[in-house]
Amino acid sequence: MFISLISYPALAQNIVTIDRGIAAKPVVLSGNTGGNLQALSISQVENTATGYCDGYISPQPNHLLELESLFNFLRLEIESSTDTTVLIKGSEGVWCNDDSGSANPMIEGQWQKGLYKVWVGSYQPDTRNSYQIRITGQ
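Basis of the calculations
Residues numbered from 1 in each chain as written. Predicted model: local features only at pLDDT ≥ 70, side-chain atom pairs only at ≥ 80, totals over all residues. Heavy atoms only, no water. Helix = DSSP H or I, 4+ residues; strand = E, 2+ residues; numbered from the N terminus. Buried < 20%, exposed > 50% of the residue type's maximum accessible area, 1.4 Å probe, protein only. Contact = heavy atoms within 4.5 Å. Areas by Shrake-Rupley, 256 points an atom, 1.4 Å probe, with all protein chains shown as cover. Polar contact = N/O pair within 3.5 Å; in protein donor to acceptor, adjacent residues only side chain to side chain. Phe/Tyr/Trp six-rings, centres within 6.5 Å; stacked < 30°, edge-to-face > 60°. Lys NZ or Arg CZ within 6 Å of the ring centre and 35° of its normal.

Enquirer: Tell me about the overall build of the chain, and name the residues and values.
Expert: Within the chain, the regular secondary structure consists of one helix and 14 strands. Per-residue burial for the chain yields a buried fraction of 46% across its 138 residues. Pairs at least 24 residues apart make up 72% of the contacts formed inside the chain by residues separated by at least 6 positions. Within the structure as shown, the chain displays about 6900 Å² of accessible surface, and the carbon and sulfur contribution to it stands at 48%.

This is the structure:
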């Protein structure tokens, strides 16, 4: 598996590149929620095919993912001791989720090649909660 970190100066962050090797070993990213911006201000919709766009996020995404190819199945799960939300924005659209059987969100399905911005939110503004993102695929 090849994971590279590329500087992305416009957002002052790194891009995590994900290739087909993810099937052999999941990608795990860590971070903290935080921000006082309602997710709706980024998503521009209240509800997506994967769930509601709830919570408070920062103006900048928490993570940038670059998928090197089409994935017929990719799962992005948030693991945290607190109730979190997720907002993902890519060239093909916007996806949100709140709870996927637990207090933590998950988005799964087919993902197109390209750049995805990922925000992890909380239900209270300016709340710093630690989380891990686990990305698995086929």
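Continuing now.
Enquirer: For the side chain of Ser 80, give the residues involved together with the corresponding values.
Expert: Among the structural elements, Ser 80 can be located in the loop between strand E9 (71-79) and strand E10 (84-90). For Ser 80, a relative accessible area of 18% corresponds to the buried category. Side-chain polar atoms of Ser 80 contact the side chain of Thr 82, separated by 3.2 Å. With residues up to four places along the chain from it excluded, the contact list for Ser 80 reads Asn 104, Ser 130 and Tyr 131.

Enquirer: Describe the packing of aromatic side chains, and please don't skip the residues or the numbers.
Expert: Counted under the stated rule, the structure contains two aromatic pairs. Considering the side-chain rings of Trp 95 and Tyr 116, the 6.1 Å spacing of their centres and the 50° angle between planes classify their relative orientation as tilted. Pair noted here: Trp 95 is in strand E11 (residues 93-97) and Tyr 116 is in strand E13 (residues 114-122), with a separation of 21 residues, a long-range link. In this structure Trp 95 comes out as partly exposed when scored by relative accessible area, which is 22%. Tyr 116 gets classed as buried once you look at its relative accessible area, which sits at 3%. Each member of the aromatic cluster is reached from another via a ring pair, and the members are Trp 95, Trp 111 and Tyr 116. It is Arg 20 that lies over the ring of Phe 71; its NZ or CZ is 4.8 Å from the centre.

Everything listed here is a matter of coordinates, which is why it stays silent on function.
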